[in-house]
Amino acid sequence: MPSSTSPDQEDDQESCILKFADLDLKDTSLINPNSSLKAELDVNTKKKYSFAKKKAFALFVKTKEVPAPSFDCKEKWWKCCLQLFTDQTSIHRHVATQHADEICHQTASILKQLAVTLNTSKSLKSADKKNPLIEYLTRNHEISTWLPDISCFSLDEQTSGQGSDEGEVLLYYCYCDLEDPHWVCAWQTALCQHLHLTGKVRIATEGINGTVGGSKLATRLYVEVMLSCPLFKDYLCKDDFKASKGGAFCFPELRVGVFEEIVPMGISPNKISYKKPGIHLSPGEFHKEVGKFLSQANQEQNDTILLDCRNFYESKIGRFQGCLAPDIRKFSYFPSYVDKNLELFREKRVLMYCTGGIRCERGSAYLKAKGVCKEVFQLKGGIHKYLEEFPDGFYKGKLFVFDDRYALSYNNDVVSECSYCGAPWDQYRLCSTPQCRQLVLTCPACQGQGFTACCVTCQDKGNRPASGPTQNSFKEECECTARRPRIPSELSQQTQFPLNPEPRPDVGEDGPGQ
C-alpha cells in the first residue's frame, strides 16, 4: 500500500476533496461507486476517487492478514468471514464480492481524511504557523503505519481465549480534543480488525469511548498502541483501561462510529463540556465518603446524596447501599431528571458514580452548571475500579455491562428478584418476544412455567405469529415501559433513602455506556 499521495495525484486533490467532504458515513444507502456516483465525476475526480478506492481495498485486505504456517513458503495468508485464503487472488475476489459496502464506506472515509488534511494545511499556511502534531499525523496519515506488527505471533496466539474466559474485555474512555474524528474512526476500525477485536467504539471531537474484547495478547497490544498514540498519550494511562474476563465472543460484531458525544447525554459538548466536571475521588476516598454517609443515614438532616447516574435496569441488580437510583431508562434522560428534581440537590454534597466513570464526567458538569449544590464529587474509574479494590465494600450485587455477559460478579450479594415470583434472582435475559429488546429477570422455575417475557403484553404478543413488518415497531410498546414515567419526580429533598431500596419490577435496555 502506498505510504503517501504522489505529486501528480496531489495536483488535482482539491477538486476531488471538495466533492466528497460532505459524504455521510452513517448513510447505509451510499451509492455504489460503479453506478451514478461514478458517472457524476469529472476526469480528475475519477482519478482521485479510484486512488482512494484502491487504498481502501488494500487497507481492508491488510487487516485480514495472518501468518502462514511455517511449512508454507508464503509469508502470509488471509482470514475473513471464518474462511482461510492462501493466495492473494482468492482473498481479493472474496473482498470484492462480499465486502463492497465496507470498501465504499472506507473510500468515503479516506476522502474525508484528505479533506480535513487539505483544510488544515490551508489554515496553517494562511496563519503562517505550524502545529507539530498535525504535521506528524499528516506525514503518517497512512493508516497501515499505525497498526502494530503481529507477524511474530501465530494466529492461535492472536485469537486464543476469544471464545472463553481466558480472553479479556477492555473498558476505557478518554476526553480530549480530536480535530479529525473520522480519521480516528478509520484507524480504530483497522486496528480492531487487525487484532481480531470485537466491541463498540464511539469517537467524537471531544474524545473516544470504547469497550473491546479479544485475546489477552490482542488487548495488551491494543493498550500499548493507544498509550503510544500522540493523540492520546498525554491523556491516557494504563490505569484508565478497566479489564475483565471475556473475549471477542462478548460482542456480536465490531461497531466503530463518529458521534457528537462519546456518551449520549443528549446535550451538545459545546454547551456542557467535560472540562468542567466534579471533583474526582479515588476508590479509596470514595469508600471513606460513602462510609461517612451511611453512618449518618438515620439522621433527620443529611447534607449528602449518593447518586447513581446509571439506568434503572443497571442499578436494579447492583448498587451502593443508601443510594438514590433514578428510575430512568437512558442517560439522555438524566439532565431532565436533574431539572425536574432540582430542589432535591439544593445545598447538598453529591457523591456521583457510574460504571466506568464516563457518565459522571458530563453528568457532574451538568449538575454543577445548575449552581445549586454545595459540592459535586465523582468516583474516578467508576464502580469497575471501586470493585477491584473493594469487592466486599459498600457496593452490593452485580455490575451491569453493555455486552452479551450482561453483568460481572464481584461478591455473592443478590439485591434483585424474579419479576414473577419474587425469589432472589439477578441474571438478566432478553424478553422472549423477538421484536422486544427489554431485559427481564425471570428465575429458572418461572422460565419452566413459560414466563419468559418482560410483561403480560409481551408474553401474549410473543405467543401470536408475526402479522407483518410492522411488528418491528414493537420495540418500546410494552406494559413495562408504558407504565413508567419518562422522568420520575422524587418526593422531597428531605426524603431519606433506604439502605436497601426495593428493586422495581420493570426492566429495559439501553445503548452502550460506562
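Residues numbered from 1 in each chain as written. Predicted model: local features only at pLDDT ≥ 70, side-chain atom pairs only at ≥ 80, totals over all residues. Heavy atoms only, no water.

Under the annotation held in an unreviewed UniProt entry, the protein chain carries the name Thiosulfate sulfurtransferase/rhodanese-like domain-containing protein 2 and is attributed to Pteropus vampyrus.

Turning our attention to the pattern of salt bridges. Counted according to the given criterion, the structure contains 16 salt bridges. Here Asp-303 and Lys-374 are joined by a salt bridge, their closest N and O atoms 3.7 Å apart. Note that Asp-303 is positioned in the loop between α11 (283-295) and β10 (304-308) and Lys-374 in the loop between α15 (358-369) and β13 (375-379), a separation of 71 residues in sequence. Residue Lys-374 is classed as partly exposed on the basis of its relative accessible area of 47%. (Salt bridge = Lys/Arg side-chain N within 4 Å of Asp/Glu carboxyl O. Helix = DSSP H or I, 4+ residues; strand = E, 2+ residues; numbered from the N terminus. Buried < 20%, exposed > 50% of the residue type's maximum accessible area, 1.4 Å probe, protein only.)

Each regular strand shows side chains that alternate between the opposite faces of the sheet. Across the five residues of β13, four count as buried, placing the element largely inside the fold. Here strand β12 (residues 349-353) runs beside β13; their pairing, made up of four bridges, is parallel. Paired with Val-350 across the strands is Val-376, a residue of β13. For the handedness criterion, the β-α-β arrangement of β12, α15 and β13 is classed as right-handed. (Pairing = 2+ DSSP bridges. Right-handed = clockwise from strand over helix to strand, strands pointing away.)

Once that is clear, we can look at the environment of Lys-398. Within the fold, Lys-398 resides in the loop between β14 (395-397) and β15 (399-400). Spatially, the C-alpha atom of Lys-398 lies 4.7 Å from that of Gly-318, the residues being 80 residues apart in sequence. Beyond its immediate sequence surroundings of up to four residues, Lys-398 is in contact with Ile-317, Gly-318, Ala-407, Leu-408, Ser-409, Asp-426 and Gln-427. Only 3.4 Å separates the side chain of Lys-398 from the side chain of Asp-426, close enough to count as a polar contact. (Contact = heavy atoms within 4.5 Å. Polar contact = N/O pair within 3.5 Å; in protein donor to acceptor, adjacent residues only side chain to side chain.)

Looking now at the packing of helix α9 (residues 181-194) against helix α10 (residues 216-228). A packed helix pair is summarised by two numbers, namely the angle formed by the two axes and the spacing between the axes. Their axes nearest at 11 Å, the elements α9 and α10 cross at an angle of 150°. Taken as axis vectors, α9 and α10 run roughly antiparallel relative to one another. Our pair here, α9 against α10, has a crossing hand that is right-handed. In this structure, α9 contributes Trp-187, Gln-188, Leu-191 and Cys-192 to the contact, and α10 contributes Tyr-222, Val-225 and Met-226. (Axes fitted to C-alpha atoms, helices over the stretch in contact; angles between N-to-C directions. Parallel < 35°, antiparallel > 145°, perpendicular 65-115°, else oblique. Left-handed = near helix turned anticlockwise from the far one by under 90°.)

Another point: the packing of aromatic side chains. According to the stated counting rule, one finds 20 aromatic pairs in the structure shown. On the numbers, 4.6 Å between centres and 15° between planes, the contact of Tyr-175 with Tyr-274 is stacked. With Tyr-175 in strand β4 (residues 168-175) and Tyr-274 in the loop between β8 (254-258) and β9 (279-281), the pair connects residues that are 99 residues apart, well separated along the chain. For the residue pair Tyr-175 and Tyr-274, the accessibility class agrees, reading buried in each case. (Phe/Tyr/Trp six-rings, centres within 6.5 Å; stacked < 30°, edge-to-face > 60°.)

Moving on to the nonpolar core. With 38 residues, the main nonpolar core has Trp-187, Tyr-222, Met-226 and Phe-232 as its most contacted residues. Of all the secondary structure elements, the ones that give two or more residues to this core are β4, α9, β5 (198-204), β6 (207-214) and α10. Here this core takes eight residues from α9, the largest share from any one element. Setting aside anything within four residues of it in sequence, one finds Tyr-222 in contact with Leu-170, Tyr-172, Gln-188, Leu-191, Cys-192, Leu-195, Leu-197, Val-212 and Phe-241. (Core = buried A, V, L, I, M, F, W, Y, C linked by side-chain atoms within 4.5 Å.)

A word on the environment of Asp-177. With respect to the secondary-structure elements, Asp-177 resides in the loop between β4 and α9. Counting along the chain gives 55 residues from Asp-177 to Phe-232, while the straight-line C-alpha distance between them is 9.6 Å. Ignoring anything within four residues of it in the chain, the contact list for Asp-177 reads Thr-205, Tyr-274 and Lys-275. A distance of 3.2 Å separates polar atoms of two side chains, one belonging to Asp-177 and the other to Tyr-274. Separated by 3.2 Å, the side chains of Asp-177 and Lys-275 make a polar contact.

This part is about α9. With 14 residues, α9 ought to run about 20 Å at 1.5 Å a step, and its terminal C-alpha atoms sit 19 Å apart, in line with that. Within α9, 11 of the 14 residues are buried, which leaves it mostly tucked inside the rest of the structure. A positive backbone phi angle near 60° is found at His-196, which sits one or two residues after α9. (Expected span 1.5 Å × (residues − 1).)

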